[in-house]
Amino acid sequence: MDHTKDHTDPRILRTRLLIKEAFVDLLQEMDVEKMSVSRIAERATISRVTFYLHYRDIPDMLEKMADAMIEDIQNVINGQPVNEDSLKNTDWLRLEKLLEHIAQHSSFYKVTLASRKAPIFTERLLTMLTEIITERFEHKGRNFFIDKAGIQKDIAIWHRSSALIGTIVSWLRNDMPYTPHFLAKQFYLLTSYNQDKNPL
């Protein structure tokens, strides 16, 4: 899940992966505030010096890991072709692809999104989803349902993005009892029921 994989030396990628895996392991045992570079380096079977070759400190590590997470998700979503004749189907497929990606990397997302121990990841994902939903709302124009119903657009966007990330987090916390396809369809049906058929 490293966004630099096409341009970075494989040895660097391997070291970053070791650090990431060590961080995920430790996050299951303790809060971020209790982590130290020494603990992460020891778990990753690298030296502290090697850690500092990649990250200034733990906050810098978190920032860069969150950046990589968002870039990975954007690549997944943007990889889905846009069908202008059926945007609702495009949006539904994008949501399904997003959920498939999360399921494929569930060990990472269960710890970073569902544990509440590293809020930077949830905050970044919420920001990204809010931007996508805002763009979709803008695309629909003035005849959109919320305008007709007298609903403030910003409130509708807050509601949609919070509902989506809340659904994803609950899905992870419950050990993903539904397939990405089924969950995406259920979210689509819920939004259709509310007369707005675009989940993303």
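None of the values given here were measured: they were computed from a predicted structure.

With that settled, consider empty space enclosed by the protein. By the definition in use, this model includes one cavity of 30 Å³ or more. Taken as a whole, the largest cavity holds about 30 Å³ of empty space. Taken together, Leu95, Leu99, Leu164, Thr167, Ile168, Leu183, Ala184 and Phe187 make up the lining of the largest cavity. Taken together, the residues of the lining of the largest cavity break down into seven nonpolar, one polar and no charged.

As a further point, take the packing of aromatic side chains. What the rule picks out here adds up to seven aromatic pairs. Judged by centre distance (5.6 Å) and plane angle (90°), the rings of Phe51 and Tyr52 are edge-to-face. Assessed through its relative accessible area of 38%, Tyr52 is described here as partly exposed. Here Tyr178 and Phe182 contribute two aromatic rings whose centre-to-centre distance is 5.3 Å and whose plane-to-plane angle is 35°, an arrangement assigned as tilted. What makes Tyr178 partly exposed here is its relative accessible area of 44%. Of the aromatic side chains, those joined through ring pairs into one cluster are Phe23, Phe108, Tyr109 and Phe121. Across from the ring centre of Phe108, 4.6 Å away, lies the NZ or CZ of Lys20, which sits over that ring.

Along the polypeptide, His54 turns up in helix α3 (residues 48-54). Beyond its immediate sequence surroundings of up to four residues, His54 is in contact with Ile12, Thr15, Arg16, Ile19, Asp60 and Lys64.

By the secondary structure assignment, Ile12 is in helix α1 (residues 10-27). We classify Ile12 as partly exposed; its relative accessible area is 32%.

Look at α1: 25 Å from first C-alpha to last across 18 residues, which is about the 26 Å you get at 1.5 Å a residue. Every buried residue belonging to α1 is among Leu13, Thr15, Ile19, Lys20, Ala22, Phe23, Val24, Leu26 and Leu27, and all of these are buried. The residue sitting at the N-terminus of α1 and contributing the capping side-chain oxygen is Asp9; that oxygen lies 2.7 Å from the backbone nitrogen of Arg11.

Turning to the packing of α1 against helix α4 (residues 58-78), a few remarks are in order. Orientation of α1 relative to α4, taken along the N-to-C sense of each, is 105°, at an axis distance of 12 Å. By the angle class used here, α1 and α4 are roughly perpendicular. Touching Ile19, Lys20 and Phe23 of α1 are Met61, Leu62 and Met65, all from α4. Here the contact of α1 with α4 is built from residues that sort into five nonpolar, no polar and one charged.

Rules of the game
Residues numbered from 1 in each chain as written. Predicted model: local features only at pLDDT ≥ 70, side-chain atom pairs only at ≥ 80, totals over all residues. Heavy atoms only, no water. 1 Å grid on protein atoms, 1.4 Å probe; cavity = no way out; pocket = protein on both sides within 12 Å on 5 of 7 lines; lining within 4 Å. Points joined across faces, edges and corners; volume = space filled by probe spheres on them. Nonpolar A, V, L, I, M, F, W, Y, C, P; charged D, E, K, R; others polar. Phe/Tyr/Trp six-rings, centres within 6.5 Å; stacked < 30°, edge-to-face > 60°. Buried < 20%, exposed > 50% of the residue type's maximum accessible area, 1.4 Å probe, protein only. Lys NZ or Arg CZ within 6 Å of the ring centre and 35° of its normal. Helix = DSSP H or I, 4+ residues; strand = E, 2+ residues; numbered from the N terminus. Contact = heavy atoms within 4.5 Å. Expected span 1.5 Å × (residues − 1). Polar contact = N/O pair within 3.5 Å; in protein donor to acceptor, adjacent residues only side chain to side chain. Axes fitted to C-alpha atoms, helices over the stretch in contact; angles between N-to-C directions. Parallel < 35°, antiparallel > 145°, perpendicular 65-115°, else oblique.

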